[in-house]
Amino acid sequence: MLPTSVQYRLAAERADNAQTRSVVDLSKFDQEIDYFRRNVRNVNSNADLLADPRLFNFAMAAFDLPVDANARGFMRTLLSENPNDRGARVNQLGNAGYEDFVRVFRFSETTNAPIRSQDVVDTVIDRFRNTKVAAARLNAVGTGDSPVGFRSAETPVARGEVYLDLAEADREIAYFEATAPQIGSAEELLQNRRVINFALEANGLPSENLRDDFIEAIFTEDPDAPESLVNQPGNERYGDVVRAFVFADGGGDPEAQAVIDAQRSVAIDRLAEQYAFDARLEARFAPARTLSTPSSFTPIALQSAPPLAAVDGAPAISADRQAEIDYFLANIGGVQSAEDLLNDRRLFEFAMTAFDLQSQIDSKGLIERLMTEDRQDDDAVINRLQNPQYREFGAIFDFSRVTRKERSTDPVTGALTVARTEEVGDGFANVRDQREILNLVDRYISVSREIDEGEQNPDVRLALYFDRNAGDVESYFGLLADPALREFVFSAYALPQELNQLPVERLADRFEQLFSLDDLKSETGRQGMIDRFLAVRNAASQTSANAAALALFPGAPGGGLFTLASTLSAGRTSRIV
């Protein structure tokens, strides 16, 4: 049997080779990068960016956002609002990519967009490169005939097996914009339920199963009267719809009438814009399990051999593990909620393994709370668990949906306004982000390699685990909180298990006397501790072998050769400590 140190070296090579780290050829994008660098300096407004398809498509790709026929209209809506306003529509998406895009490219009436800075331009270009690298590596790591099934800038949006072209939504928008301004009275409006339904849906209100007398009342009562239906608690959003159809006249005053007409026009435009936004938002979150690839898709060239090559005759990833990677890549984009992830056993096991939580696979109640509870609540599970792996899992798969209310009072009229903002967790975007998916695949490969190596030699698994995780430790208490890292240190320094009875503060002080946290963050430092660990474990194995040999000869004299061998072995161990 090979010594543990040799087994570790081979295992480390296999683990490193199993990662999706092939060198990616980005030369095909040189012209697009150069075009963006030269022309983005000429962008002086949101309209300038939207008017140049090459600039716009490059920017969307940099933030891993989908480009379709409706993308520019969608982004025009997002860029028109201040992202620092919690009620801004970009803050309802739960997608950091859209938020970052708006903050980088948005021009306001008073300030230029950050993209006018050369440092920001360079950052966007780097982000573009990173996104393309992630896309190429993900296509390399999968073995299926079609690319992965999560949504990206190069993958069309689909619901079920039918591509969602939004044509129906566009028809409704066109009808509303043409018809609503021509309606001149409440009686005329009540005869056109299609316009009413559009206005209600645009404001996130139900359009079906509403009583006719309720509809008639809200559109005929004075919306400024405190006793009207729209001013009763819970009906505030109906008031926003009704105000788009205020049919008062200006009393013969042309200027007053012009003001009323202008206010109606703005309100109608706002409803049409909100309807369009919601339709595209729904499309963004449509299930993606059955995505196929357009014929124009061309994988980015890889300059090296396939990343999952064998090392020392052993496959880097077993066929069973590769099958799980392929399944994950093909299906993760269809996850819409915590329930979706929990109900797909293979996806759930993959995700739990990636965070080294496979032993908690049956703790579904805890994991569901981890994914759905409000992060701003101090009592949420994610804020009470100390295990960093749980916290990282919860951050990636954050499918929380929280509705927050903000009440404000008009300083002049005293009118109370309640603004509702639905906040969604980053999980909705993360399962479609190529870089996040690549990170999850790499984590799965690392952990599964450690598990497989551990079946042959638990010491090898512990050493691989230490090398992967110790660099993220921020304190000695963090080290003690991880049972595996704690065991590694105890073994590496041959500490007696009785020290576990010490108060954690004293044990942390003991660790600090033995090594520096800087050693953990340095590759050289970690390797030195791994070498020490392997030497101790080898010595312990040799001692066990000697003891076993002695047991074969029970009549051997206590002061003979076997006692001498045990003494020498013990001496080697003591000098390492």
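Residues numbered from 1 in each chain as written. Predicted model: local features only at pLDDT ≥ 70, side-chain atom pairs only at ≥ 80, totals over all residues. Heavy atoms only, no water.

**Student:** How would you sum up the overall build of the protein? Please name residues and give values.
**Tutor:** Across its full length, the protein carries 28 helices and four strands. By residue count, 45% of the 577 residues in the protein fall in the buried class. Looking at the protein alone, contacts between residues at least 24 apart form 65% of all its contacts between residues at least 6 apart. Accessible surface, the protein as shown: approximately 28,800 Å² in total, 49% of it carbon and sulfur. (Helix = DSSP H or I, 4+ residues; strand = E, 2+ residues; numbered from the N terminus. Buried < 20%, exposed > 50% of the residue type's maximum accessible area, 1.4 Å probe, protein only. Contact = heavy atoms within 4.5 Å. Areas by Shrake-Rupley, 256 points an atom, 1.4 Å probe, with all protein chains shown as cover.)

**Student:** Account for the side chain of D52, naming residues and giving values.
**Tutor:** Within the element layout of this structure, D52 appears in the loop between helix 3 (46–51) and helix 4 (53–62). Within the buried set, D52 has no salt-bridge partner at all; the shortest N-O distance to an opposite charge, 6.1 Å, is to R54. For D52, the side chain forms a polar contact with the side chain of Y35, separated by 2.7 Å. (Lys, Arg positive; Asp, Glu negative; His and termini not counted. Salt bridge = Lys/Arg side-chain N within 4 Å of Asp/Glu carboxyl O. Polar contact = N/O pair within 3.5 Å; in protein donor to acceptor, adjacent residues only side chain to side chain.)

**Student:** Any chance you could break down the nonpolar core for me, citing the residues and the numbers?
**Tutor:** In terms of nonpolar packing, the biggest core is built from 40 residues, with F36, M75, L78, F101, F105, I115 and V124 touching the most fellow members. At the level of secondary structure, the elements contributing two or more residues to this core comprise helix 2 (30–39), helix 3, helix 4, helix 5 (71–79), helix 6 (96–105) and helix 7 (118–141). Here the element with the most residues in this core is helix 4; it accounts for seven residues. Setting aside residues no more than four positions away along its own chain, V124 makes contact with F36, F58, A62, F63, V104, F105 and I115. Ranked by size, the runner-up nonpolar core spans 39 residues in total, among them L329, L347, L438 and Y444. (Core = buried A, V, L, I, M, F, W, Y, C linked by side-chain atoms within 4.5 Å.)

**Student:** How would you explain the confidence of the model for the protein if you had to name every residue and give the values?
**Tutor:** Detailed reading of predicted coordinates is not advised where the pLDDT is low. With 73% of its residues at a pLDDT of at least 70, the protein reaches an overall mean of 75. Note on residues 145–165: pLDDT under 50 across the span, and 68 contacts to partners over four residues away in sequence or across chains. (pLDDT = per-residue confidence, 0-100.)

**Student:** Describe the pattern of salt bridges, naming the residues involved and giving the relevant values.
**Tutor:** In this structure the tally under the stated criterion is 20 salt bridges. R461 is paired through a salt bridge with D356; the nearest N and O atoms lie 3.8 Å apart. On the criterion of sequence distance, the pair formed by R461 in helix 22 (residues 458–469) and D356 in the loop between helix 16 (345–354) and helix 17 (364–372) is long-range, its members being 105 residues apart. Judged by relative accessible area, D356 falls into the buried class, the value being 14%. R468 is paired through a salt bridge with E450; the nearest N and O atoms lie 2.7 Å apart. Residue R468 is located in helix 22, and its partner E450 is located in helix 21 (residues 434–456); the two are separated by 18 residues in the primary sequence. Residue R468 is classed as partly exposed on the basis of its relative accessible area, which comes to 23%. When salt bridges with common partners are traced through the structure, they connect D356, E450, R461 and R468 into a single cluster.

**Student:** Would you mind going over the packing of aromatic side chains in detail, with residue names and values included?
**Tutor:** This structure, assessed with the given rule, holds 23 aromatic pairs. Arranged with centres 4.7 Å apart and planes meeting at 40°, the rings of F101 and F105 form a pair that is tilted. Highlighted residues: F101 and F105, both in helix 6, separated by four residues, approximately one helical turn. For F101, a relative accessible area of 0% gives the class buried. When the ring centre of Y175 is taken as reference, the NZ or CZ atom of R194 above it lies at 3.8 Å. (Phe/Tyr/Trp six-rings, centres within 6.5 Å; stacked < 30°, edge-to-face > 60°. Lys NZ or Arg CZ within 6 Å of the ring centre and 35° of its normal.)

**Student:** Tell me about a negative patch on the surface, residues and numbers included.
**Tutor:** On the surface, E221, D222, D224 and E227 cluster together into a negatively charged patch. Within the secondary structure layout, D222 lies in the loop between helix 11 (212–220) and helix 12 (236–242). (Patch = residues over 30% accessible without salt bridge, like charges linked within 9 Å, V, L, I, M, F, W, Y side chains within 5 Å. Charge placed at Lys NZ, Arg CZ, Asp CG, Glu CD.)

**Student:** Run through the packing of helix 4 against helix 5, naming residues and quoting values.
**Tutor:** For the pair helix 4 and helix 5, interaxial distance at closest approach is 12 Å and the crossing angle is 75°. Between helix 4 and helix 5, the interaxial angle falls into the category roughly perpendicular. For the pair formed by helix 4 and helix 5, the contact residues are P53, F56 and M60 on the first element and A71, R72 and M75 on the second. For the contact of helix 4 with helix 5, a count of residues per class yields five nonpolar, no polar and one charged. (Axes fitted to C-alpha atoms, helices over the stretch in contact; angles between N-to-C directions. Parallel < 35°, antiparallel > 145°, perpendicular 65-115°, else oblique. Nonpolar A, V, L, I, M, F, W, Y, C, P; charged D, E, K, R; others polar.)

**Student:** Break down the environment of R346 for me, citing the residues and quoting the values.
**Tutor:** You can see R346 is positioned in helix 16. Using a relative accessible area of 34% as the deciding quantity, one classes R346 as partly exposed. As a C-alpha pair, R346 and F328 span 18 residues in sequence and 7.7 Å in three-dimensional space. Excluding residues that lie within four positions of it along the chain, R346 makes contacts with A323, E324 and Y327. For R346, the side chain forms a polar contact with the side chain of E324, separated by 3.0 Å.

**Student:** Quick one: what's the story with unusual backbone geometry, residue by residue and with numbers?
**Tutor:** In this structure, D64 takes a positive phi of about 55° despite not being glycine. Mapped onto the fold, D64 is located in the loop between helix 4 and helix 5. The backbone of D356 sits at a positive phi, close to 60°, despite the residue not being glycine.

**Student:** So what's going on with helix 14 (residues 319–331)? Residues and values would help.
**Tutor:** Across its 13 residues, helix 14 extends 18 Å between first and last C-alpha, which sits within 8% of the 18 Å expected from 1.5 Å per residue. Along helix 14, the residues classified as buried are R321, Q322, I325, D326, F328, L329 and N331. (Expected span 1.5 Å × (residues − 1).)

**Student:** Summarise helix 19 (residues 388–396); cite the residues concerned and give the values.
**Tutor:** Inspection of helix 19 places Q389, Y390, F393, G394 and I396 among the buried residues, and these make up the whole buried set. Axial view of helix 19: buried residues confined to an arc of 165°, hence all on one face. (Arc of directions from axis to C-beta.)

**Student:** Talk me through the packing of helix 17 against helix 19; I want residue IDs and the actual numbers.
**Tutor:** Look at helix 17 against helix 19: their axes get within 8 Å of each other, and the N-to-C directions meet at 55°. Taken together, the axes of helix 17 and helix 19 are oblique relative to one another. You can see that helix 17 and helix 19 cross each other, and the crossing is right-handed. Contacts from L366, I367, L370 and M371 of helix 17 reach helix 19 at Y390, F393 and G394. (Left-handed = near helix turned anticlockwise from the far one by under 90°.)

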